[in-house]
Amino acid sequence: MTRLQQEIPTNDPLNIAEQKAIINNAIANNKDRPGAVMLVLNEVQGKIGHVSTPMQAYIARKLKIPMGQVHGVVTFYSFFKTQPRGKHTIKFCLGTACYVAGVSQLIEKAKQTLNIDMGHTTPDGQITLEECRCVGACSQAPVVVVDEEIHGHLRPNKFPQILKKVQS
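Residues numbered from 1 in each chain as written. Predicted model: local features only at pLDDT ≥ 70, side-chain atom pairs only at ≥ 80, totals over all residues. Heavy atoms only, no water.

Engineer: Help me understand the pairing of strand E1 (residues 88-93), please; the structure alone is not making it clear to me.
Structural biologist: Two faces make up the sheet, and in a regular strand the side chains alternate between them. Most of E1 sits out of view: 5 of its 6 residues are buried. Pairing geometry for E1 and strand E2 (residues 127-132), over 6 bridges, is parallel. Residue pairing across strands places His88 opposite Ile127, the latter belonging to E2. Looking at chain direction, E1 and strand E3 (residues 144-146) are connected through 3 bridges and run antiparallel. The residue bridging Phe92 from the neighbouring strand is Val144, located in E3. (Buried < 20%, exposed > 50% of the residue type's maximum accessible area, 1.4 Å probe, protein only. Helix = DSSP H or I, 4+ residues; strand = E, 2+ residues; numbered from the N terminus. Pairing = 2+ DSSP bridges.)

Listed below in structure tokens is the structure:
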């Protein structure tokens, strides 16, 4: 057994019976299909919300493939997440127009206000901060996407108002 399979955090889906059953079902339903790794990972993420490193090791072992193969898929495709996401997601557009218009100042304000780094979730599980590429709203730069709602022409002093809407 590898170190990754031995050191499973208590809150990992592998230690929660219902979620482990989801993982096992995804493996059972897809193990003999072409592209099984992608199919299993997609199903697991869709139902659980992320694919942790211990989950990746477990899937690799059950599919009888190297861990590196599973991890390679997870890290190659940006839609796979390795940590639980918050109830709400705030994405900062890093496209050229947004970058030039000062999105980096918005990112710093968010990190300072929420006391978390990009790619992390607040301790209460409410908000995850993420970066994204161009969202196609360049005329409104800088742009922040809260869940599915675009907020344009945003300035750092207005960011707390956005947070209040999310937190209420």
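Engineer: Looking at this structure, how should I read the sheet that holds E3?
Structural biologist: In any sheet, the strands associate via hydrogen bonds between backbone groups, in a parallel or an antiparallel arrangement. Taking strand neighbours across the sheet as the criterion, the 4 strands line up as E2-E1-E3-E4 in an open arrangement whose pairing is mixed. Either end of the sheet is taken by a strand with one partner, and the two such strands are E2 and strand E4 (149-151). With strand direction ignored, the average angle separating the axes of adjacent strands in the sheet is 25°. Each of E1, E2 and E3 touches helix H7 (residues 103-114); the most contacted strand, E1, lies at about 150° to it. (Axes fitted to C-alpha atoms, helices over the stretch in contact; angles between N-to-C directions. Contact = heavy atoms within 4.5 Å.)

Engineer: What's the story with a nonpolar patch on the surface in this structure? I'm lost.
Structural biologist: Side chains of Phe76, Tyr77 and Phe79 sit close together on the surface and give an oily, nonpolar patch of about 330 Å² of accessible area. With respect to the element layout, Phe79 can be found in the loop between helix H5 (67-76) and E1. Residue classification places Phe79 among the partly exposed positions, given a relative accessible area of 42%. (Patch = residues over 30% accessible without salt bridge, like charges linked within 9 Å, V, L, I, M, F, W, Y side chains within 5 Å. Areas by Shrake-Rupley, 256 points an atom, 1.4 Å probe, with all protein chains shown as cover. Salt bridge = Lys/Arg side-chain N within 4 Å of Asp/Glu carboxyl O.)

Engineer: So what exactly am I meant to see when it comes to the pattern of salt bridges here?
Structural biologist: Close approach of charged atoms allows side chains with opposite charge to pair. Enumeration according to the criterion identifies 4 salt bridges in this entry. A salt bridge links Lys81 to Glu130, with the nearest nitrogen and oxygen atoms 3.9 Å apart. Remark: Glu130 occurs in strand E2 and Lys81 occurs in the loop between H5 and E1; sequence separation between them is 49 residues. In this structure, the salt-bridge partner of Glu108 is Lys111, at a minimum N-O distance of 3.3 Å. Residue Glu108 and its partner Lys111 are located together in helix H7, separated by 3 residues, close to a single helical turn. Exposure remark for Glu108: the relative accessible area of 46% places this residue in the partly exposed category.

Engineer: Could you clarify how one ought to interpret the packing of aromatic side chains in this entry?
Structural biologist: Applying the stated criterion to the full structure yields 5 aromatic pairs. Ring geometry for Tyr77 and Phe79: centres 5.6 Å apart, planes at 35°, overall tilted. Here Phe79 and Phe80 contribute two aromatic rings whose centre-to-centre distance is 4.6 Å and whose plane-to-plane angle is 45°, an arrangement assigned as tilted. Members of the aromatic cluster, each reached through a chain of ring pairs, are Phe76, Tyr77, Phe79 and Phe80. (Phe/Tyr/Trp six-rings, centres within 6.5 Å; stacked < 30°, edge-to-face > 60°.)

The values are spatial; any link to function lies outside them.
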